[in-house]
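The primary structure of each chain is shown beneath.
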Amino acid sequence: GDKKFIFNVTLQNHGGYTYEGTDFESDVHIENGDFPEADQYLTLIKKSDEALKKLIEHFKNYEEPVVIVFFGDHYPNLPSSFYNWLYGKAERELSLEEIQKKYSVPFFIWANYDIPEEENILTSTNYLSTKLVEVAGLEKTPYQEFLTELQKSIPGVNINGYIDNNGMNHRLNEQNEYTDLLKNYNTIQYNELFDKKNKVQEFFQLTD
């Protein structure tokens, strides 16, 4: 059949996590802590995990090739009291590295055919589409080629900062050898997302 691309965002685990006045009951509970919102979140994660298993089982023997990318973008929005308990200190006292951990989540790329196996990949959501193209054996756009090169110097970047190729954390406004790379990236992103009048279309599209 026709090729299909589906970008699906689930709201099940997005929060808030207090379904008061319903028959919902958490079946996952944190020991030594009274955090009903966290209990509810973990219960929903468990249910999502069960649903994900069904999704993969459905496509495992599908007659056409299927690739599934599954990811999140940050820890849940739970009360500060829970995170204070989890970290053993107030959130305002967290270092940049500790803050970045709140935005570090597992992801996977699965296919119903053989693809190269990799583990412990350091990346960020802005690079995932390029990784998907690589795994699927598709042609990259010039923009995706740019991202491939950028990732060699800056493997992961988000709203808080970035990690360099030596594993060091930096804030976005820090002046260093990566500053010009980030400025170029900002300019290209702006051109793609907002500068409709002057958008360089061929940079973001495949050639004929």
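Residues numbered from 1 in each chain as written. Predicted model: local features only at pLDDT ≥ 70, side-chain atom pairs only at ≥ 80, totals over all residues. Heavy atoms only, no water.

## A few points about the sheet that holds strand β5 (residues 169-171)
The strand order β3-β4-β5 describes an open sheet built from three strands, whose pairing is antiparallel. A single partner strand is all that each edge strand has here, and the edge strands are β3 (156-157) and β5. With three bridges joining them, strand β4 (residues 161-163) and β5 adopt antiparallel strand pairing. Directly across from Tyr162, in β5, lies its bridge partner His170. (Pairing = 2+ DSSP bridges. Helix = DSSP H or I, 4+ residues; strand = E, 2+ residues; numbered from the N terminus.)

## Examining the layout of surface pockets
Approximately 850 Å³ is the volume attributed to the second largest pocket. Taken together, 33 residues make up the lining of the second largest pocket; nearest its centre are Val105, Phe107, Ile121, Leu122 and Thr123. Elements with a contribution of two residues or more to the lining of the second largest pocket: α3 (96-101), β2 (107-111), α4 (125-136) and β3. In terms of residues, the lining of the second largest pocket owes the most to one element, α4, which gives four residues. When its residues are assigned to classes, the lining of the second largest pocket shows 16 nonpolar, 10 polar and seven charged. (1 Å grid on protein atoms, 1.4 Å probe; cavity = no way out; pocket = protein on both sides within 12 Å on 5 of 7 lines; lining within 4 Å. Points joined across faces, edges and corners; volume = space filled by probe spheres on them. Nonpolar A, V, L, I, M, F, W, Y, C, P; charged D, E, K, R; others polar.)

## Digging into the packing of aromatic side chains
A complete count under the given rule lists 15 aromatic pairs for this structure. Judged by centre distance (5.3 Å) and plane angle (70 degrees), the ring pair of Phe82 and Tyr83 falls under edge-to-face. On the accessibility criterion, Phe82 (10% relative accessible area) is buried. Aromatic side chains Tyr190 and Phe194 sit 5.7 Å apart centroid to centroid with 45 degrees between the ring planes, which places their arrangement in the tilted category. With relative accessibility at 48%, the residue Tyr190 sits in the partly exposed group. On the basis of relative accessible area, Phe194 is assigned to the exposed category, the value being 56%. An aromatic cluster is present here, built from Phe35, Tyr75, Phe82, Tyr83, Trp85 and Tyr87 joined pairwise through their rings. Over the ring of Tyr83 we find Lys102; its NZ or CZ atom is 4.1 Å from the centre of that ring. (Phe/Tyr/Trp six-rings, centres within 6.5 Å; stacked < 30°, edge-to-face > 60°. Buried < 20%, exposed > 50% of the residue type's maximum accessible area, 1.4 Å probe, protein only. Lys NZ or Arg CZ within 6 Å of the ring centre and 35° of its normal.)

## Observations concerning unusual backbone geometry
The phi dihedral of Asn32 is positive, around 60 degrees, even though this residue is not glycine. Not every positive phi belongs to a glycine, and Asn120 is a case in point at roughly 55 degrees. In this fold, Asn120 is placed in the loop between β2 and α4. Taking the relative accessible area as the measure of exposure, Asn120 reaches 79% and is therefore exposed.

## Quick word on the packing of helix α5 (residues 142-153) against helix α6 (residues 179-193)
Here α5 crosses α6 at 155 degrees, and the two axes come no closer than 12 Å. What the angle tells us is that α5 and α6 run roughly antiparallel. Between α5 and α6 lies a crossing of left-handed hand. Where α5 abuts α6, its residues Tyr143, Phe146, Leu147, Leu150 and Ser153 lie against Leu181, Tyr185, Ile188, Gln189 and Glu192. Taken together, the residues that form the contact of α5 with α6 break down as seven nonpolar, two polar and one charged. (Axes fitted to C-alpha atoms, helices over the stretch in contact; angles between N-to-C directions. Parallel < 35°, antiparallel > 145°, perpendicular 65-115°, else oblique. Left-handed = near helix turned anticlockwise from the far one by under 90°. Contact = heavy atoms within 4.5 Å.)

## Structural notes on the environment of Ile99
Relative to the helices and strands, Ile99 resides in helix α3. Look at Ile99 and you get partly exposed, because its relative accessible area is 23%. Spatially, the C-alpha atoms of Ile99 and Gly161 are 9.8 Å apart, while their sequence positions differ by 62 residues.

## Describing the side chain of Asp164
Among the structural elements, Asp164 can be located in the loop between β4 and β5. Arg171 provides the closest opposite charge to the buried, salt-bridge-free Asp164, at an N-O distance of 14 Å. At 2.7 Å, the side chain of Asp164 forms a polar contact with the side chain of His170. (Lys, Arg positive; Asp, Glu negative; His and termini not counted. Salt bridge = Lys/Arg side-chain N within 4 Å of Asp/Glu carboxyl O. Polar contact = N/O pair within 3.5 Å; in protein donor to acceptor, adjacent residues only side chain to side chain.)

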